[in-house]
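Per-entry structural report
Residue-level listing of the chains:
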Amino acid sequence: MTGQVRRRPPGTENVHLKTGEVEVPAAEALILNEARTPVFPLDEERPVGEELRLTYRYLDLRRPSMQRNFRIRHQTYQVVRAFFDQHGFIEVETPALTRSTPEGARDYLVPARLYPGHFFALPQSPQLFKQLLMVAGLDRYFQIVKCFRDEDVRADRQAEFTQIDVEMSFVDREDVLVLMEELVATIFHKVKGVELNRPFPRLKYDEAVARYGLDKPDTRFEMFLGDLGDLCARTTFRPFGDALASGGQVKGIKVQGKAEAFSRKKVDDLTEFVKGFGAKGLTPFRMTAEGLQSPVAKFLGPEALEGIVRRFELGAGDLLLAIGDSRAVVAESLGRLRGKLGFELGLVDETLIHPVWVTDFPLLEYSEEEKRHVAVHHPFTAPMDEDVSLFESAPEKMRAKAYDLVINGHEVGGGSIRNHDRETQQKVFDALGFSPEQARERFGFLLEALEFGTPPHGGIAFGFDRLVMLLTGADSIREVIAFPKTQRAQCLMTGAPAPVDPVQLKELGLRLHVS
RNA sequence: GGGGCCGUGGUGUAGCCCGGUUAACACGCCGGCCUGUCAAGCCGGAGAUCGCGGGUUCAAGUCCCGUCGGCCCCGCCA
């Protein structure tokens with residue numbers, strides 16, 4: 001359209017339109033293309049089913065909130081790249097077609113035409129490549145990179161997702177945390193105009209689990225788990241007694257002022273909730289004018305009850321919800337309960353951004369399924385120096401030089417200082433139950449590289465989509481990914497994945513056995 | 001692999017729990033009026049057989065079973 005912009009005549013202005021005070025009389029108008037009526041409204045007035053949105057994603061993306069999300073995503077890319085550039089990092093691309101690694105998530109595989117029966121894997125992360133870049137002397141590396149994990153999807157997880165991947169040489173944990181804190185603060189400042197309190201608080205893994213029940217606590221509200229195991233030491237209440245006798249715990253959380261409001265029914269509902277995380281029950285203690293009341297009061301005795309009142313500083317009307325079980329179940333179920341109650345009771349101020357570093361993770365944990373130790377972070381993570389002596393005696397007690405950045409209960413980033421000497425790396429592989437042959441077969445190139453004067457190094461990777469999710473306030477990662485997949489990892493728009501032509505299979509030397 | 005919620009005109013919902021005449025409402029769409037239109041108003045209209053399959057019943061959108069799909073969660077995610 002061409003024409004002269006002019007003021008609308010008095011009385012014809014439209015206050016509903018941003019441009020309602022002016023108009024352009026058309027001197028010339030040309031239709032470039034015609035448009036069908038959109039299959040759903042694009043003006044934000046109304047929610048639209050996600051299935052439809054994903055099928056017509058190109059229309060969905062026209063909507064103002066989507067346009068806004070992708071502007072924010074774009075700004076975030078720019079801020080990240082500028083930050084790393086200014087701090088002497090260089091961006092290096094690593095292969096998308098690489099080797100399948102035995103540890104970790106399920107790989108997406110790509111058949112290799114020239115080597116029938118052999119496969120590439122899409123990277124779960126550029127972990128090994130970035131370490132090798134440190135060996136290569138590219139001391140400060142970063143990359144905004146796609147990663148692929150063939151695991152089931154969640155609201156904050158997609159089969160393919162984007163990481164800000166970082167690695168640095170000649171650093172210790174402190175160097176990484178301080179600089180990455182600056183990165184995150186810069187992102188929130190420049191993209192969202194939010195000043196984050198620094199330094200970010202730090203929590204050791206053990207503390208996080210003890211106080212919040214989870215290793216990714218939402219620290220926006222105060223509500224902590226407390227231990228009442230010692231107070232129940234002589235209880236005849238079997239669930240508590242059995243838990244303690246077998247090395248478990250009895251812990252609880254105080255729910256302020258809810259002794260009355262949380263009815264029997266409500267507690268039953270919460271019990272069902274914690275059962276989902278392995279707890280067998282949930283025991284309420286209600287603080288009334290007549291003292292602490294509980295179905296299990298008679299199994300505890302007045303002394304224990306008094307101890308509980310004091311320990312949890314229970315005032316009239318307060319409720320305490322307790323669970324006795326294995327340490328893992330107690331932590332997980334109370335931690336999840338804490339999160340649920342925080343939201344339901346309106347304790348969470350959703351405008352807050354509360355980052356926290358979680359450090360001192362265990363290096364290894366025993367996998368019942370695999371009957372061996374597996375890496376909590378990944379097999380290249382360095383143990384704490386003072387724990388190295390535990391390799392033979394108590395490997396599960398070793399702590400790692402690993403750290404996570406948690407924001408509002410989301411694990412936004414994670415990293416570690418790596419093993420830069422071959423001996424320690426070999427010991428980790430040993431502890432993981434790899435035979436020397438297996439280690440050489442799978443990671444020979446890494447072990448060999450470590451023989452060429454590898455500098456101490458470490459790094460971190462941030463979930464870019466999760467960060468943008470926080471920056472936009474979206475409640476699903478799909479809102480900040482242009483063409484996301486469904487929960488069943490399909491693309492409703494293109495119909496991927498789809499069968500391929502038999503000719504293609506033949507070229508690849510593949511035959512299907514679909515059941 | 002498992003648990004839960006949802007699936008009704010183009011869109012979003014109501015109806016389903018307590019089966020029963022032409023499946024309701026809003027927006028959108030089409031036509032007309034209004035000739036300063038727009039995110040205004042008035043009048044009229046088209047459009048769903050209720051995801052799919054089976055069952056129960058005289059009768060099912062409504063009950064039961066199965067199945068497909070979307071979402072949330074557990075498992076899984078070094």
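For the structure, see preceding data.
All of these numbers come straight from a predicted model, not from anything done at the bench. (Residues numbered from 1 in each chain as written. Chains lettered and ligands numbered in written order. Predicted model: local features only at pLDDT ≥ 70, side-chain atom pairs only at ≥ 80, totals over all residues. Heavy atoms only, no water.)

A look at unusual backbone geometry
Following Arg198, the chain continues into Pro199 via a peptide bond in cis, with omega recorded as -5°. Residue position: Pro199 is located in the loop between helix H5 (173-192) and strand S8 (202-204). Residue Pro497 follows Ala496 across a cis peptide bond; omega there is 0°. Assignment of secondary structure puts Pro497 in the loop between helix H15 (464-472) and helix H16 (502-508). A positive phi is found at Phe170, a non-glycine position, where the angle reads about 55°. Within the secondary structure, Phe170 sits in the loop between strand S7 (160-169) and H5. The exposed category is assigned to Phe170, whose relative accessible area is 58%. The phi dihedral of Glu313 is positive, around 50°, even though this residue is not glycine. Within the element layout of this structure, Glu313 appears in the loop between helix H10 (302-311) and strand S13 (319-325). (Helix = DSSP H or I, 4+ residues; strand = E, 2+ residues; numbered from the N terminus. Buried < 20%, exposed > 50% of the residue type's maximum accessible area, 1.4 Å probe, protein only.)

Looking at the pairing of strand S14 (residues 355-359)
Along a regular strand, successive side chains alternate from one face of the sheet to the other. For S14, the tally of buried residues reaches five of five residues, placing the bulk of the element in the interior. Across the two faces of S14 the burial is the same, with Pro355, Trp357 and Thr359 and Val356 and Val358 all buried. Here S8 runs beside S14; their pairing, made up of three bridges, is parallel. Of the residues in S14, the one forming a bridge with Arg202 is Trp357. Direction of pairing for S14 relative to strand S17 (residues 402-407): antiparallel, over a ladder of five bridges. The residue of S17 that forms the bridge with Val356 is Val406. (Pairing = 2+ DSSP bridges.)

As for the pattern of salt bridges
Taken as a whole, this structure holds 38 salt bridges when the rule is applied. One salt bridge in this structure joins Lys130 and Asp165, with 2.7 Å as the shortest N-O distance. Here Lys130, found in helix H4 (residues 127-135), pairs with Asp165, found in strand S7; they are 35 residues apart in sequence, far enough to count as distant. Both residues of the pair, Lys130 and Asp165, count as buried. A salt bridge links Lys280 to Asp325, with the shortest nitrogen-to-oxygen separation between them at 2.8 Å. (Salt bridge = Lys/Arg side-chain N within 4 Å of Asp/Glu carboxyl O.)

Focus: the sheet that holds strand S9 (residues 225-227)
Within the open sheet, the five strands sit side by side as S9-S10-S13-S11-S12. Their pairing is antiparallel. This sheet does not close on itself; its edge strands, each paired only once, are S9 and strand S12 (291-293). Adjacent strand axes in the sheet meet at a mean angle of 30°, parallel and antiparallel pairs treated alike. (Axes fitted to C-alpha atoms, helices over the stretch in contact; angles between N-to-C directions.)

Notes on the nonpolar core
By size, the foremost hydrophobic cluster in this structure holds 42 residues, and its most contacted members are Phe84, Met180, Phe188 and Phe462. Every element with two or more residues in this core is listed here: helix H3 (64-86), strand S6 (140-148), S7, H5, S17, strand S18 (410-417), strand S19 (457-463) and H15. Of all the elements, H5 adds the most residues to this core, at nine residues. Here Phe462 is in contact with Thr162, Gln163, Ile164, Met180, Leu183, Val184, Leu405, Val412, Gly413 and Leu467, once residues within four sequence places are set aside. Among the nonpolar cores identified, the runner-up in size contains 26 residues, and Ala208, Leu363, Phe380 and Phe429 belong to it. (Core = buried A, V, L, I, M, F, W, Y, C linked by side-chain atoms within 4.5 Å. Contact = heavy atoms within 4.5 Å.)

Observations concerning the protein's contact with RNA strand B
Around RNA strand B sit 42 residues, and of these Glu23, Glu51, Glu151, Ala375 and His377 come closest. Among the atoms of RNA strand B lying within 4 Å of the protein, the sugar-phosphate backbone contributes 53%. At a separation of 2.9 Å, a base nitrogen of RNA strand B approaches a polar side-chain atom of Ser125. At 3.1 Å, a backbone N or O of His378 approaches a sugar or linking oxygen of RNA strand B. With three residues, helix H1 (residues 50-55) is the largest single contributor of residues to the surface near RNA strand B. Residues that form the surface near RNA strand B fall into these classes: 15 nonpolar, 13 polar and 14 charged. (Near = heavy atom within 4 Å. Polar contact = N/O pair within 3.5 Å; in protein donor to acceptor, adjacent residues only side chain to side chain. Nonpolar A, V, L, I, M, F, W, Y, C, P; charged D, E, K, R; others polar.)

A few points about the pairing of S6
When you tally the buried positions in S6, you get seven out of nine residues, the bulk of the element. Of the pairings in the sheet, the one linking strand S3 (residues 90-91) to S6 comprises two bridges and is parallel in character. Across the sheet, the residue bridging to Ile90 is Tyr141, located in S6.

A look at the sheet that holds S18
Pairing is mixed across the open sheet formed by eight strands, whose spatial order is S3-S6-S7-S19-S18-S17-S14-S8. The open sheet terminates on both sides in strands that have one partner only, identified here as S3 and S8. As paired strands, S7 and S19 are joined by seven bridges and run antiparallel to one another. Looking across to S19, one finds that Val166 is bridged to Ile460. Its contacts with the sheet place H3 against S3, S6 and S7, and it is angled at close to 150° to S6. Contacting S8 and S14, helix H6 (residues 205-212) crosses the sheet at an angle of about 90° to S8.

Side note on the side chain of Thr454
Position of Thr454 among the secondary structure elements: in the loop between helix H14 (436-449) and S19. Taking relative accessible area as the criterion, Thr454 reaches 8% and is therefore assigned buried. Of note is the side chain of Thr454, whose polar atom sits 3.1 Å from the backbone oxygen of Ala449. Contact partners of Thr454, with chain neighbours within four places excluded, come to Val135, His420 and Ala449.

Here we look at the packing of H4 against H14
Direction vectors running N to C along H4 and H14 enclose 20°, while the axes themselves pass 10 Å from each other. The angle between H4 and H14 falls in the class roughly parallel. Pair H4 / H14 crosses with left-handed handedness. Contacts between H4 and H14 involve Leu128, Gln131, Leu132 and Val135 on the former and, on the latter, Phe443, Phe445, Leu446 and Ala449. The residue makeup of the contact of H4 with H14, split by class, is seven nonpolar, one polar and no charged. (Parallel < 35°, antiparallel > 145°, perpendicular 65-115°, else oblique. Left-handed = near helix turned anticlockwise from the far one by under 90°.)

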